[in-house]
Every structure is written in C-alpha cells, then in structure tokens.
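Okay, here's what each chain looks like letter by letter:
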Amino acid sequence: MKTLTATALIAFGSVTFAISAHAGEVLDRVLGKKTLTVATSANWHPASFMNDKGQLDGFDVEVAKGIAKYLGVEAQFVTPGWDIITSGHREGRWDLSMGQMTPTAPRAKLFDFPAVYIYGNTVVVVHKDSKATKPADLDGKVMGVPAGSSEENYLKHTLEIYNAPPVKYEFTPGEVKSYESGSGARDDLRLGDGVRLDGLLDEELAAKEAIKAGYPFKIIGGSLVSTPAVIAVLHEDEEFSDKVAAAVKAMREDGSLSKLSIKWYGSDYTALK
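Numbering of residues starts from 1 in every chain and runs along the sequence as written. This being a predicted model, a pLDDT of at least 70 is required before a residue's local features are given, and a value of 80 or more before pairs of side-chain atoms are given or counted; all residues contribute to the totals for chains, interfaces and linings. As a convention, hydrogens and water are excluded, and side-chain values are obtained from all of the structure's heavy atoms.

Here a strand is any run of E in DSSP of at least two residues, a helix any run of H or I of at least four, and the numbering for each starts at the N terminus. Across its full length, the protein chain carries 10 helices and 12 strands. As a reference, a globule follows 2.2 Å times the number of residues to the power 0.38, and the radius of gyration itself is taken over C-alpha atoms. Computed over the C-alpha atoms, the radius of gyration of the protein chain is 18 Å, within 12% of the 19 Å expected from 2.2 N^0.38 for a compact globule of 273 residues. Summarising its shape, the C-alpha atoms of the protein chain cover approximately 55 × 45 × 35 Å along the three principal directions. Per-residue burial over the protein chain gives 53% buried out of 273 residues. Working definition: with a 1.4 Å probe on protein chains only, accessible area under 20% of the residue-type maximum means buried, over 50% means exposed, and in between means partly exposed.

Tracing the sequence through the fold places S178 in strand β10 (residues 175–179). A relative accessible area of 37% means that S178 is categorised as partly exposed. Residues S178 and S149 lie 29 residues apart in sequence; the distance between their C-alpha atoms is 9.1 Å. Ignoring sequence-local partners within four residues, the contact set of S178 consists of V145, A147 and E152. Within the local environment of S178, its side chain forms a polar contact with the side chain of E152, the two groups lying 2.4 Å apart. Note on contacts: a residue pair is in contact if any heavy atoms of the two residues lie within 4.5 Å. Pairs of N or O atoms within 3.5 Å make up the polar contacts considered here, provided that, within protein, one atom can donate a hydrogen while the other can accept it, and that residues adjacent in sequence are counted only when both atoms are side-chain atoms.

A negative phi angle characterises most non-glycine residues, just as the trans form characterises most peptide bonds. For the bond running from H45 to P46, omega is 0°, close enough to zero to count as cis. If you trace the backbone, P46 turns up in the loop between β2 (43–44) and β3 (48–50). Unusually for a residue other than glycine, K34 sits at a positive phi of about 60°. Within the secondary structure, K34 sits in the loop between α2 (25–33) and β1 (35–39).

Take helix α3 (residues 59–71) next. In this model, α3 (13 residues) spans 19 Å end to end at C-alpha, consistent with the 18 Å of a helix rising 1.5 Å per residue. In the stretch just after α3, G72 is the one whose phi turns positive, near 80°. Under the convention used throughout, the expected extent of a helix is 1.5 Å for every residue step, that is, one less than its residue count.

The aromatic pairing rule takes the rings of Phe, Tyr and Trp, using the six-membered ring of Trp, and pairs them if the centres are within 6.5 Å, calling planes under 30 degrees apart stacked, those over 60 edge-to-face and the rest tilted. Considering all chains together, one arrives at 7 aromatic pairs under this definition. Here Y215 and F217 contribute two aromatic rings whose centre-to-centre distance is 5.3 Å and whose plane-to-plane angle is 50°, an arrangement assigned as tilted. Grouping residues by exposure puts Y215 and F217 together as buried. What links up through ring pairs into an aromatic cluster is the set F59, Y117, Y265 and Y269. A ring is scored as having a charge over it whenever the NZ atom of a lysine or the CZ atom of an arginine sits within 6 Å of its centre and within 35 degrees of its normal. Stacked on the ring of Y215, the Lys or Arg R190 has its end atom at 4.0 Å from the ring centre.

What follows concerns the nonpolar core. Across soluble globular proteins, nonpolar side chains have a tendency to be buried as a group. Only buried residues count toward a nonpolar core. Its members are Ala, Val, Leu, Ile, Met, Phe, Trp, Tyr and Cys residues joined through side-chain atoms within 4.5 Å. If you look at the biggest cluster of nonpolar residues, it comprises 37 residues, and the most contacted ones within it are L36, I67 and F240. Tallying contributions element by element places α3 first for this core, with 7 residues. The next biggest cluster of nonpolar side chains, apart from the first, holds 16 residues, and it includes A132, L138, V145 and L155.

The next point concerns the domain arrangement of the protein chain. Split by domain assignment, the protein chain resolves into domain 1 (2–101 + 237–265) and domain 2 (119–227). An automatic or database domain assignment is the source of the domain bounds shown. A straight line from the C-alpha centre of domain 1 to that of domain 2 covers 25 Å.

Before going further, it helps to examine helix α10 (residues 256–265). Looking at α10, one finds that the buried residues are L257, L260, S261, W264 and Y265. Projected onto a plane normal to the axis of α10, the buried residues spread over an arc of 100° and lie on a single side. The exposed set on the far side of α10, more than 90 degrees from its buried face, consists of K259 and K263. One or two positions beyond α10, positive phi appears at G266, with a value near 85°. Directions from the helix axis toward the C-beta atoms define the arc.

What follows is the structure, encoded as structure tokens:
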C-alpha cells in the first residue's frame, strides 16, 4: 500500500503553482460574462453526473457552483472527454476543470492547482467471480482505466505525483485498455471476469458507489496510492487562480465543503486524515 506523506499533501493545500502569463485576463472574462465555465464529467456518480431531471449534479458540480457564487457569477458546465481536459487544449471552451485531478509532475507543466478540495484512494476492482485476491494476482492481465487518468499512469508505471515521493507499483498488467470514461471500463468489467477485462483501477469512493448500485464487483487489496484531488486551471492568470483558491478556502472555513462531502459520500473526505 502506497500512501503519500502528510507533509507532501499539506503542501498542496497551501501553495498555488502559478505562472502568470496574462494577469487578470481570465478573471476579467469570467466577471465580464458573469459566467464561470467548468469542465467536468457527465457520468461519474456521485462526483458529477446527469440526474433524473437531465441536469448535471454531484459533489464536483456543487463545489463548482460554490466557487461561482463566491465570484458573483453563474456556473456553466461542459463535458469534454477526460483525455481532452488533461491535454490542456481547451481552446477557450472552459475556465477551470472540476474532475478531482491528481496533481502529477507532467500536469504541473500545463496547469496551476489553486486548491485541493478532496482526497482519494486508488483501488483495484475485479468482477465478483474473479479468483484474484490481491493486486499482484493481476500481473499480466487486462486492465481498464479512463484515458488520460492518473490510474492509467499507474498501470503504465508513469505516475509522478507532484512534489511527492516516488510511487511504488504493486503489479504490472499485460494490457491496459483506455476508455473515454470510468463508466466504459465498468460496463466492460460487469460483462464477466475476463470477458473483456480482468480488472480496473478506480477511485475508492466511485468503486463503492458502483458496487452499491448493483455492479457485480469487489475491491481487492488496500489503497494503491492516496492522492489529493485538485482544481486545475491553465497557466494564464494568477489573479484568477488566487480567487479560486480563496473560494475553496471560504467553503472550508464555513463548513460547506465538508457538508457537501458528507452529502454525496457519507463522510468528510475534504481533509487529510
């Protein structure tokens, strides 16, 4: 089990990794249009998903709305693929990403990370009929993950968490299948053990939600890696990054961030434990 040190994680909560190219430009646009455009997922329950009314809902969505409220604007959402978000090629389509992004070293070259807003664990998920009992049992097997995710980096042994100790890898898959979203990997795994996948990597809370919803899965072993999840913005506007950081800080201080975590996850995962 690989857990990041408290010192490394706390550093994320107090430091903004900002390189200002055009100070004020993004913030001016957001305030001028009275709209904060947020990139998120439409099928990642309970972080962000389409509810029964056909509207985006979930923890990440409500946090984004809280940030927009702090800025005095309305939140507007777009749902590009995760690999598009992590590439940094937004072409002006959104102002920030709410996708519980893991702050890796390569991503730090593209993004500022204004704030940590939740912490998560990456776990191994297999079909309930699988004979695997520990991650090492999946050596040489076929694993599924969302494209461009930190889980994909883990499986390919290229995960570098920014400002943290090297990751220790517990197994080496024979093949990594990348999907547009986590739900695609889950849908293939639910077909049966070894039908299309032998397992997948998922965020622990999302995996438990899937099992609760009736997916025939089980989690094996402990956490492969524990990570902070950050809001991501491009290296464009230090002023904007500071405002986003201040918004999350205000939500921590008034208790609303904790309440949202308890509402959607049943417990407070917004502080390092």
